[in-house]
Amino acid sequence: MDKCRQKHPKIRKYPLQSEAAEVSSIEWEFIDMTEQEEDIINRMHRLVGDKWALIAGRVPGRKAEEIERFWLMRNGDNFKDKRREYKRRQNS
């Protein structure tokens, strides 16, 4: 009685990064977060790293993409000039 077991395809809850649609960072707008949201994001990032979906589960009303974009814009070297310009416009 040899029955071949058929492999079932793995079902992913979240798409791989290579499967996700990319958006040019030039088109990104700054995301305003409350101090409480920023604090949660910073603490969770220290604990779990860049698992954005997990962090988004702790921040009500935010998607993983928003949190990742916020993190990259806040901490990424590529956005230093944009951050300065954004702060200047807010203070004016």
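Residues numbered from 1 in each chain as written. Predicted model: local features only at pLDDT ≥ 70, side-chain atom pairs only at ≥ 80, totals over all residues. Heavy atoms only, no water.

Mapped onto the elements, Glu-66 comes out in helix H3 (residues 64-75). The exposure class of Glu-66 is buried, given its relative accessible area of 19%. Not counting chain neighbours up to four residues away, the residues in contact with Glu-66 comprise Ile-31, Met-33 and Gly-61. (Helix = DSSP H or I, 4+ residues; strand = E, 2+ residues; numbered from the N terminus. Buried < 20%, exposed > 50% of the residue type's maximum accessible area, 1.4 Å probe, protein only. Contact = heavy atoms within 4.5 Å.)

Turning to the packing of helix H1 (residues 35-48) against H3, a few remarks are in order. One way to put it is that H1 packs onto H3 with a least axis distance of 12 Å and a crossing angle of 85 degrees. In terms of orientation, H1 and H3 fall into the roughly perpendicular class. On H3, the residues touching Glu-38, Ile-41, Asn-42 and His-45 of H1 are Ile-67, Phe-70, Trp-71 and Arg-74. Its residues placed into classes, the contact of H1 with H3 shows four nonpolar, two polar and two charged. (Axes fitted to C-alpha atoms, helices over the stretch in contact; angles between N-to-C directions. Parallel < 35°, antiparallel > 145°, perpendicular 65-115°, else oblique. Nonpolar A, V, L, I, M, F, W, Y, C, P; charged D, E, K, R; others polar.)

Quick look at the nonpolar core now. A general trend in soluble globular proteins is that nonpolar side chains are found buried together. In this structure, Ile-31, Met-33, Ile-41, Met-44, Trp-52, Ile-55, Ala-56, Val-59, Ala-64, Ile-67, Phe-70 and Trp-71 together form the largest nonpolar core, which totals 12 residues. When residues of this core are traced back to their parent elements, those giving at least two are H1, helix H2 (52-56) and H3. The greatest single-element share of this core, amounting to four residues, is contributed by H3. Each residue touching Phe-70, except ones within four places of it in the same chain, is listed here: Ile-31, Met-33, Glu-38 and Ile-41. (Core = buried A, V, L, I, M, F, W, Y, C linked by side-chain atoms within 4.5 Å.)

Before going further, it helps to spend a moment on the pattern of salt bridges. Counted under the stated rule, the structure contains four salt bridges. Residue Glu-38 pairs with Arg-74 through a salt bridge whose shortest N-O separation is 2.5 Å. Here the residue Glu-38 occupies a position in helix H1, and Arg-74 occupies one in helix H3, the gap between them amounting to 36 residues. Residue Arg-74 is classed as partly exposed on the basis of its relative accessible area, which comes to 37%. Arg-62 is the salt-bridge partner of Glu-66, the closest N and O atoms lying 3.7 Å from each other. Residue classification places Arg-62 among the buried positions, given a relative accessible area of 19%. Residues joined in a network through salt bridges with shared partners are Glu-37, Arg-62 and Glu-66. (Salt bridge = Lys/Arg side-chain N within 4 Å of Asp/Glu carboxyl O.)

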